[in-house]
Structure formats: structure tokens, C-alpha cells
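Working through the structure, step by step
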Amino acid sequence: MKTPRKLHIKSYGCQMNVYDAQRMVDTLQAEGFVETDSAEDADLVILNTCHIREKASEKVYSELGRVRLAKEHAARSGREMRIAVAGCVAQAEGEEIIRRAPVVDVVVGPQSYHHLPQLLARAESGGKAVETDFPAEDKFNFLAQPKPDAIRARGISAFVTVQEGCDKFCTFCVVPYTRGSEVSRPVAKIVDDVKRLADNGVREVTLIGQNVNAYHGEGPDGRSWPLGKLLHRLAEISGIARLRYSTSHPRDVEESLIAAHRDLSALMPFVHLPVQSGSDRILAAMNRRHTVRDYLDVIDRFRGARQDIAFSSDFIVGFPSESEQDFSATLALVAQIRYAAAYSFKYSPRPGTPAAEMRETVSTADMDHRLVRLQELIDSQQSAFNEAAIGTTVDVLFERAGRNAGQIVGRTAYLQPAHVMASPDIIGEILPVRLESLERYSLLGELAAPAPSRTDRSTASSITIGA
Ligand code: SAM
Ligand code: SF4
């Protein structure tokens, strides 16, 4: 039997990169690779990169410096190591990566991961391999499915890509260029994926896509299904207790999604809905194609469907020409919505995007100052949201052992980490937890009832969140 070769993969950026990395591992497993945590030991190192901001993008070159030393070390001990750069930097920079870092053997864009075995074979026969096309075939039909033991090893919560690419062309964003135009996977394929996950212990599935609520995959009836209808179908799959989706665009929230939040107890009442700015002038310059009023209306529709719904968002500060007044409007919007969490970033000009050509840039000092003010406000809202949970009993889906002996960690409906002292047998269970205190961002509590014995598991709790 051939000795398995070792693969080390390091992912940066969004959830889709985490998912893509798993699919690359599944595909290369079929070629005789096994995963290793150590780059030094690996026969193949893949850096799965992110291009969204300059800082993220530059990380690949500093990491390549480190991997080069590992490759040289391997060569001295008579071992060949290959290095591949995947993800959005690979897509955006292509051959330039090999010019800047000749240590790289393979450059592969996100739409071509199914060609990795052939690209690797080309590199092994002495060449360099670069593929950044958008092939006509659907990569999902060619990527290997995860094996049952791989699914189990990855835990009880899984991502499933349902949609890729984006046609929105926000003026600051590279995604439409690196991931291409919107493509939705057919319903039947997603149902198969989710069933396979459920059959192997997965209890929570997060549907992912760059613009996930633009989903319009072909249904079994031959018609285009919106995200809400897909969620209804997935909620029927036995074993799946929780459904989530990310990331949504405010313009694509249609009625079936609102109805899904009203009708499906498995659909978690926590929605990531990026708004970027609270100023209509800046939203227009960003080409977001919605106003602050439109966004507030969408929030109201969600709240109308489910009272306990909470929101998170993304914000960019210091977009070209953002004035102090525009920024104050962002603070006012945050104050009005009361987010459970939010991410905020300093604007980073990305080559090739329209905003990178805009002249009226905001000074670094102003950006820094605005970011601190915004993050203070968001932090205070997040703390208030977490503190409000203390004293309540909520459902927690237990995921893994905690850092302290005897501690098990799970998540509430709002993705808050919750810790209890319990047996590891409860991993994979949803159980009511009385929340007692808060330690930074984690809630501490105790099981509200004794954990059910193994035989009672099929009838586990379903207490109302926030009760
Ligand atoms: N599709 C999502 C949406 O509609 O907002 C977000 C996709 S993007 C991967 C995640 C976040 O990165 C964005 O919401 C935005 O806040 C941030 N982002 C994207 N481009 C950026 C840039 N050039 N500078 C700073 N932040 C950026
Ligand atoms: Fe980028 Fe999201 Fe805008 Fe698409 S909708 S261009 S992914 S920020």
C-alpha cells in the first residue's frame, strides 16, 4: 500500500473559504492525501486566501515566506513539498503570485478546485500550474463528497454552500470579480448534501453564499426556488435541528424568507444583514441600491414575523467622501436597530473596483477614530444583549468540550457561546440551560433539567428561546 501523502491547508477570510477548504480536503483524500495540522510535515501546503481587504490579501505573502523555509527544510531532508495558493487572491493575482513568490507550484481560483488533482500532477511533473478560469462545468458535480468519518470529525455544525458569486457590484467590493456572477445550486443536490450530513450526526446547518438570499436554485418541480422555500424543504430533514444562512443582502429579502422565519422553529432567529453605512449619500456612492429607510423596513418585516429575532451587520468606516455627518448617521442607525453583534472595518481600496478610483479619501486618523467610536457602540450593544440573557432559560446546542475540565460548550440561538459543567454525552443535544453569568462574550449556566439518558434522546427538549 502507498504511504498516504500529507496535506496542510490554511484558510483565511469568510465561511465560504472554510467550506471550500473542506471540499478540497475531501477531493484530495480521494487522491491519497491525509490532513495534517503541521505545515512542516506536509507534502502539500494549500493557502486558501482572502482578497476582501488589503491586510487580508497581504497575509498570503508573509505566510509564503514561512512556508518557503519549510519547503527548503523538507528539500534538505530529501522530501519534496508542493505549495498551492487557492482562494480569491489566487483568482485576482493569478501568475503574478508565482512571479512574486517562485516557491509556489500551483495557483487555483475558487471555481477550479475540482481540477486540483490535475494541477498538482502538472506541478509534480516539473511545471507550474495556474488556473483562474471560470470553467463551464459546475465544480460541485466534481468535488468529492465528504466521507462519514470526515463529517463526524468536523462536528455537529456544518456549512453548505448553496449559492456563489455576486451580481451586486458594490463599488468597494472585489467579490463579483473574484467569485464571478451569481450561481445557485439545485435544490436536490443541497437536500442530498444535508441528508448526508444529518445521517452522520450533524444537527445544525448554515447555508452559505456571498449573497445567500439571492438564492434561486432549480427545484424538483423545475421552477426556481427562493431561499425561504429551500429552508422549508431542509427543515423536513430528520436530525437537522437548526438552520441558519449567511450572508444576506437587504435588497433580496423576499416574502418566502420572512415566512420561513415565521413558520420554521428550526430556523434560528438571528440574521446577519450587512448595511455598511447609515448615510443615504454613502449608500448610493457604494452602489448598495437601497436606502436607510429600505433597510429599516426590512428589519421591521423580520421583526413582524418573529418578535425574538436579533440582527448582526457589517459596517465600513471611511468610505471615500464620508463626512463626520455621514458617520453620525451610521451611529444613529446602530443606536436605532440595537444589534446583537456587528463587524466593522476601515475602508480598504481594492484594485480594480470603482471606489479605488474615488479621490476624496478619508484620512487614516479619521478612519481610526471613527472605527473606535463605532466599535464602542457595537460592543456596548452586544454586552447589553448578552446581559439581557442572564436569568433566562434558553436552548443550547452543545458542540464540544470546553477549555476547563468538565466543561461543555454550546451555542444559543444567537450564536452566543454557553458553558455548562456536564458529561460529554450531551454533545449534539439541544438542552435548556439556565444562564447565570457572563464572562466577556461567553455565558455561563447550568442544565435546567438533568440530561436525558441516551435512550430518551429522540424526544429531546424544544423549549422556547428567551423564555
Ligand atoms: N455580501 C455581503 C454583503 O452584501 O454585505 C458581504 C460580503 S464581504 C465578504 C464581507 C464584508 O467585508 C462586507 O460586508 C464589507 O463590510 C466588508 N468589505 C468588503 N469590501 C471591503 C473593502 N474594500 N474595505 C473594507 N471592508 C470591506
Ligand atoms: Fe460584495 Fe456583498 Fe456587495 Fe456583493 S453584495 S458586491 S458580495 S458587498
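Residues numbered from 1 in each chain as written. Chains lettered and ligands numbered in written order. Predicted model: local features only at pLDDT ≥ 70, side-chain atom pairs only at ≥ 80, totals over all residues. Heavy atoms only, no water.

1. Structural notes on the overall build of the protein chain
- Regarding its fold elements, the protein chain presents 14 helices and 21 strands.
- Against the globule reference of 23 Å for 467 residues, the protein chain gives a C-alpha radius of gyration of 23 Å, in line with a compact fold.
- Taken along the three principal axes of its C-alpha coordinates, the protein chain extends 65 × 65 × 50 Å.
- Per-residue burial over the protein chain gives 54% buried out of 467 residues.
- Look at the contacts in the protein chain between residues 6 or more apart in sequence, and 72% of them connect residues 24 or more apart.
- Accessible surface computed for the protein chain: about 20700 Å², of which carbon and sulfur atoms make up 51%. (Helix = DSSP H or I, 4+ residues; strand = E, 2+ residues; numbered from the N terminus. Rg over C-alpha atoms; globule rule 2.2 N^0.38 Å. Buried < 20%, exposed > 50% of the residue type's maximum accessible area, 1.4 Å probe, protein only. Contact = heavy atoms within 4.5 Å. Areas by Shrake-Rupley, 256 points an atom, 1.4 Å probe, with all protein chains shown as cover.)

2. Overview of the site of ligand 2
- Around ligand 2, the structure places Cys 166, Lys 168, Phe 169, Cys 170, Phe 172, Cys 173, Val 175, Pro 176, His 249 and Arg 288.
- In terms of residue class, the shell around ligand 2 is made up of seven nonpolar, one polar and two charged. (Near = heavy atom within 4 Å. Nonpolar A, V, L, I, M, F, W, Y, C, P; charged D, E, K, R; others polar.)

3. Topic: the pairing of strand β21 (residues 442-447)
- As defined by bridge partners, strand β19 (residues 417-421) adjoins β21 across two bridges and the pair is classed as parallel. Each bridged residue has a counterpart across the sheet, and for His 419 the counterpart in β21 is Leu 444.
- Pairing geometry for strand β20 (residues 430-439) and β21, over six bridges, is antiparallel. The residue bridging Val 433 from the neighbouring strand is Leu 447, located in β21. (Pairing = 2+ DSSP bridges.)

4. So, helix α10 (residues 255-263)
- Looking at α10, one finds that the buried residues are Ser 256, Leu 257, Ile 258, Ala 259, Ala 260 and His 261.
- Elements in contact with the buried residues of α10: β12 (224-226), α9 (227-235), β13 (242-246), β14 (270-272) and α12 (292-305).

5. A word on the site of ligand 1
- Close contacts around ligand 1 come from 16 residues, with Phe 172, Gln 210, Gln 276, Asp 314 and Ser 348 the closest.
- Between Asp 314 and ligand 1, the recorded distance is 2.6 Å, taken from a side-chain N or O atom to an oxygen atom.
- Ser 348 places a main-chain nitrogen or oxygen 2.8 Å from a nitrogen atom of ligand 1.
- In isolation ligand 1 exposes 570 Å². Once the protein is present, 89% of that is buried.
- Breaking the shell around ligand 1 down by element, the ones donating at least two residues are β15 (310-317) and β16 (341-346). (Polar contact = N/O pair within 3.5 Å; in protein donor to acceptor, adjacent residues only side chain to side chain.)

6. Focus on the packing of α12 against helix α13 (residues 324-337)
- Close contact between α12 and α13 brings their axes to 12 Å; oriented N to C, the two are set at 10°. Overall, the two elements α12 and α13 adopt an arrangement that is roughly parallel. Contacts between α12 and α13 involve Val 292, Tyr 295, Leu 296, Ile 299 and Arg 303 from the first element and Leu 333, Gln 336 and Ile 337 from the second. (Axes fitted to C-alpha atoms, helices over the stretch in contact; angles between N-to-C directions. Parallel < 35°, antiparallel > 145°, perpendicular 65-115°, else oblique.)

7. Some details on the side chain of Gln 407
- On the secondary structure map, Gln 407 appears in strand β18 (residues 407-411).
- Take Gln 407: its relative accessible area is 13%, and that puts it in the buried class.
- Look past the residues within four positions of Gln 407 in its chain and what remains in contact with it is Ala 401, Gly 402, His 419, Val 420 and Met 421.

8. Focus on the sheet that holds strand β10 (residues 204-208)
- Strand order in the open sheet formed by three strands is β7-β10-β13, with parallel pairing between adjacent strands. Strand pairing shows two members of the sheet lacking a second neighbour, β7 (157-161) and β13, which therefore form its edges. Here the average twist between neighbouring strands, direction ignored, is 25°.
- For β10 and β13, the ladder comprises five bridges, and the chain directions are parallel. Bridge assignment links Glu 204 to a residue of β13, and that residue is Arg 242.

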